[in-house]
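Architecture and fold: a report
In case you want the letters, here they are:
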Amino acid sequence: MRDLPIGVFDSGLGGLTVVREIRRALPNEAIVYLGDTARVPYGTRSSATVVRYARGCARLLIERGIKALVVACNTVSAVALDVLRAELDVPVLGVVVPGAEAAVTAALSLEQQLGHAVSIGVLGTASTIGSGAYPRAVAALSTRHEVHAATAPLLVPLVEEGWVTGEVPRLAVERYVAPLVSQSVRVLVLGCTHYPLLRETIALVSSQLSRDPIVVVDSAEATARALAELLAARDLLASGKSARLELLVTDVPGTFGDAAARFLGERADAPVQVDIPVTL
Ligand code: DGL
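Keep in mind that this is a model prediction, so the values were computed, not measured.

1. What to know about helix α7 (residues 133–141)
Each turn of an α-helix holds 3.6 residues, which means side chains three or four residues apart point in the same direction. Listed in full, the buried residues belonging to α7 are A133, Y134, A137 and V138. Down the axis of α7, the sector holding all buried residues measures 130 degrees, keeping them to one side. Summarising the geometry of α7, the exposed residues directed more than 90 degrees from the buried face are R136 and A140.

2. With respect to the site of the ligand
Surveying the vicinity of the ligand reveals 13 residues, the closest of which are D10, S11, Y42, G43 and T75. Here a nitrogen atom of the ligand and a side-chain polar atom of D10 are 2.7 Å apart. Backbone polar atom of G43 to an oxygen atom of the ligand: 2.8 Å apart, as the coordinates give it. With the chains in place, 99% of the 300 Å² that the ligand exposes on its own is no longer accessible.

3. Side note on the pairing of strand β1 (residues 6–10)
A large share of β1 lies buried, amounting to 5 of its 5 residues. By the alternation rule, side chains of β1 split into I6, V8 and D10 and G7 and F9, which are all buried. As defined by bridge partners, β1 adjoins strand β3 (residues 68–71) across 4 bridges and the pair is classed as parallel. When the bridges of β3 are listed, I6 appears paired with A68.

The rules behind the values
Residues numbered from 1 in each chain as written. Predicted model: local features only at pLDDT ≥ 70, side-chain atom pairs only at ≥ 80, totals over all residues. Heavy atoms only, no water. Buried < 20%, exposed > 50% of the residue type's maximum accessible area, 1.4 Å probe, protein only. Helix = DSSP H or I, 4+ residues; strand = E, 2+ residues; numbered from the N terminus. Arc of directions from axis to C-beta. Near = heavy atom within 4 Å. Polar contact = N/O pair within 3.5 Å; in protein donor to acceptor, adjacent residues only side chain to side chain. Areas by Shrake-Rupley, 256 points an atom, 1.4 Å probe, with all protein chains shown as cover. Pairing = 2+ DSSP bridges.

Structure (structure tokens):
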């Protein structure tokens, strides 16, 4: 069991930001990553559709043999995690709770430094924000902090386009972040797989808008740490060194390999196209 790969899936490329952090935290682990590129984006779809897509992705990975499943998509983690946990026989980890935990830790330490209360902000897709999953996850950990959540629909296409610095992303980020900063948000959660690629721009813009420091929380990093703890606790850490990374996609791979390198920060083997079994 220990030497089976970790399964990771997302609606497309974005979840590779989570894979990048998993490979940093757990360099001996083999990973099989599925990007549902034929059906991306998930973030604009209904919960029922996202649950159906998520079941198909999870089943495909389970059939290949995995020891744990990481749902690297914020949208799926927000609306379908409980369904997957109830239905699957492997441990399932999403990105929302680790992101909320990291946000609460950051908010508590910032409050000590500043001497006043701070709010937590979350940027995400329409489905993630509409689900209320982040405010619920924060409230389950601490009722001290107000949570302000906002959709940032233009940021996913900007990142897909590789447009992560310069005037256009700066203006888009400013438009989404300014209302949060004016509501005392000093801890900002990147609640979408794509946003870590805009981290520099988001950090720069928010620090220009606020007199106080702003802490940007990347749920990818927090998820990789949570996965390391989960595998250790269940005695599932790889016994040898494999580090193999297999990429699967549901549409023709096209330029996925090149784009994947931007999200991953390294080159990987060419992606392989697969079909997802039809689920109801
Ligand atoms: N992976 C999605 C998320 O983290 C963003 C892209 C999409 O909408 O599918 O919410």
